[in-house]
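What follows is the residue order along each chain.
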Amino acid sequence: MAFELGIYHFGELTPDPTTGQPPAPGARLRELVEQATAADEAGLDIFAVGEHHRTDFAVSTPAVLLAAMAEQTRDIKLSSAVTVLSSDDPVRVFQQFATLDLLSGGRAEIIAGRGSYIESFPVFGYDLNDYAGLFAEKLDLLLKLRAENPINWQGSLRPSLTDGDITPRPDRELPVWVAVGGTPASVVRAGRLGLPLSLAIIGGGYRQFAPFVDLYRQAGAEAGHAPEKLKVSINSPGFVAATHEEAIEVSHPYFQAGWMANHHQRGQGVPMPRRAYEAQATPGGAFFLGSPQEIIDKIMAQYRLFGHDRMMIQLGFGNVPQREAMKAIELLGTEVAPVVRAEIAALAATEVTA
């Protein structure tokens, strides 16, 4: 798999910092379809949307929104980011994404996670005391659904299946990534299962996450999985503009508003003053903020550290205006992605020759 660059979005409905008004959910959803179309036209590799069950987010059913995107795009992969598998039914998740895969011509992916937001658990009648067990059991079921049909499966937290006929079936093995935030047990589980790892780095210095990537690959190797099967995606917030100053000026007010309004549970926002925001834009910071060349430089620095396969940017968190978001997508696709792909291909060729 060639190195991939993409975008993910949560569809947050953060009040505009200048007007104080949140966008209408329908308008926000249509903007995301427009962004996915632009990303496809610009040559980006993947567009993903997250799942939340609160009034300050527009996306509660990623597969529905991704299906709308599928009808407006041609090549770009379409993924959840993430599917909160712990509080969902793996059968329905599989059916929805199998349908999306068939509609899109084989472009659907699932990024499955436990969920750092917990509002979905009471909504769907799950006990938070079962937080870890629910994910482990439901991931097991999802993988078995992917591998066989009819299916026989027995669990303790979800009803068992006997000769279950689960349709439709995709024309290929549906990609399933495991989303983690940097806990050792999570990366080890992904490695042992031989599933690709989607690692969220949303603050601090990114170098502190290198041991988790190493642990993932070690666990995968010990379980007998080939190195090429152990793919890694790095996922971080960011924004790109023609210059560093423009990227900060445009995005910071919206990011700060979103960080306060949407970060974790309602009423528990995290301040993001400009000085802290700019610190995250430095070469060692987690955010991908700045000019195209700055984004290229940070991706390449991380590639030398992680050797990862995919970079996904949470573009314009907090509802950066659509006009600026579309410009950023164009820059990522036309000025960042081709250079990164060429530089990584050159590095790979050098390693082969050596």
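Residues numbered from 1 in each chain as written. Predicted model: local features only at pLDDT ≥ 70, side-chain atom pairs only at ≥ 80, totals over all residues. Heavy atoms only, no water.

Give a detailed account of the overall build of the protein, specifying residues and quantitative values.
Along the protein, the regular secondary structure elements total 11 helices and 12 strands. Here the protein has a C-alpha radius of gyration of 20 Å; the compact-globule value for 354 residues is 20 Å, and the two agree. When the backbone C-alpha atoms are referred to their principal axes, the protein occupies close to 60 × 55 × 40 Å. The 354 residues of the protein split such that 53% are buried. In the protein, once contacts between residues fewer than 6 apart in sequence are set aside, the share between residues at least 24 apart is 72%. Carbon and sulfur atoms make up 54% of the accessible area of the protein, which totals about 14,700 Å². When the 29 positive and 41 negative side-chain charges of the protein are each reduced to one mean point, those points stand 2 Å apart. (Helix = DSSP H or I, 4+ residues; strand = E, 2+ residues; numbered from the N terminus. Rg over C-alpha atoms; globule rule 2.2 N^0.38 Å. Buried < 20%, exposed > 50% of the residue type's maximum accessible area, 1.4 Å probe, protein only. Contact = heavy atoms within 4.5 Å. Areas by Shrake-Rupley, 256 points an atom, 1.4 Å probe, with all protein chains shown as cover. Lys, Arg positive; Asp, Glu negative; His and termini not counted. Charge placed at Lys NZ, Arg CZ, Asp CG, Glu CD.)

An account of unusual backbone geometry is needed here, citing residue identities and associated values.
For the peptide bond that leads from N149 to P150, omega is 0°, which places it in the cis range. With respect to the element layout, P150 can be found in the loop between α5 (131-147) and β6 (151-153). Residue P168 is bonded to the preceding T167 through a cis peptide linkage, with omega at 0°. Within the fold, P168 resides in the loop between β7 (161-164) and β8 (176-180).

Describe the packing of aromatic side chains, with residues and values.
Throughout the structure, instances matching the rule amount to 13 aromatic pairs. Aromatic side chains F255 and F287 sit 5.1 Å apart centroid to centroid with 50° between the ring planes, which places their arrangement in the tilted category. With a gap of 32 residues between them, F255 in helix α8 (residues 244-262) and F287 in the loop between α9 (274-280) and β11 (288-290) connect regions that are remote in the sequence. For F287, a relative accessible area of 1% puts it in the buried group. Summarising the aromatic geometry, the rings of W259 and F287 are spaced 6.3 Å apart at their centres and angled 75° between planes, so their arrangement reads as edge-to-face. In this pair, W259 sits in helix α8 while F287 sits in the loop between α9 and β11, placing the two residues 28 residues apart along the sequence. A connected cluster of aromatic rings, assembled from ring pairs, spans F255, W259, Y277, F287 and F317. The positively charged end of K298 is found above the aromatic ring belonging to F288, 5.8 Å away from the centroid. (Phe/Tyr/Trp six-rings, centres within 6.5 Å; stacked < 30°, edge-to-face > 60°. Lys NZ or Arg CZ within 6 Å of the ring centre and 35° of its normal.)

Kindly report on the pattern of salt bridges, identifying the contributing residues and their values.
Within this structure, the stated rule accounts for 13 salt bridges. Linked by salt bridges that have partners in common, E4, K77, E109 and R310 make up one network. (Salt bridge = Lys/Arg side-chain N within 4 Å of Asp/Glu carboxyl O.)

Requested: an account of the pairing of strand β10 (residues 232-240), with residues and values cited.
Counted residue by residue, β10 has 9 buried out of 9 residues, so it is predominantly covered. Burial of β10 is two-sided: the residues V232, I234, S236, G238 and V240 facing one way and the residues S233, N235, P237 and F239 facing the other way are all buried. As paired elements, strand β9 (residues 197-200) and β10 share 4 bridges and run parallel to each other. Looking across to β10, one finds that L197 is bridged to V232. Pairing of β10 with strand β12 (residues 310-315) involves 6 bridges; the strand directions are parallel. Bridge pairing in β12 links G238 to L315. Relative to β11, β10 runs parallel, the two sharing 3 bridges. The partner of F239 across the bridge, within β11, is L289. (Pairing = 2+ DSSP bridges.)

Let's hear about helix α6 (residues 184-193): which residues, and what values?
Listing the buried residues of α6 in full gives S186, V187, V188, A190 and G191. Contacts made by the buried residues of α6 are with β8, β9 and α7 (210-222). One or two steps after α6, the chain reaches G194, where phi turns positive at roughly 70°.

Tell me what's going on with the side chain of N235, and back it up with residues and numbers.
Position of N235 among the secondary structure elements: in strand β10. Take N235: its relative accessible area is 9%, and that puts it in the buried class. Within polar-contact distance, the side chain of N235 engages the side chain of S198 at 2.5 Å. Setting aside chain neighbours within four positions, we find N235 in contact with Y8, S198, L199, A200, I201 and M312. (Polar contact = N/O pair within 3.5 Å; in protein donor to acceptor, adjacent residues only side chain to side chain.)

Requested: an account of the environment of G155, with residues and values cited.
Inspection of the secondary structure assignment puts G155 in the loop between β6 and β7. Classification of G155 as partly exposed rests on a relative accessible area of 26%. When the C-alpha positions of G155 and A345 are compared, they lie 45 Å apart, and in sequence the two are 190 residues distant. If sequence neighbours within four positions are ignored, G155 has contacts with E137 and S160.

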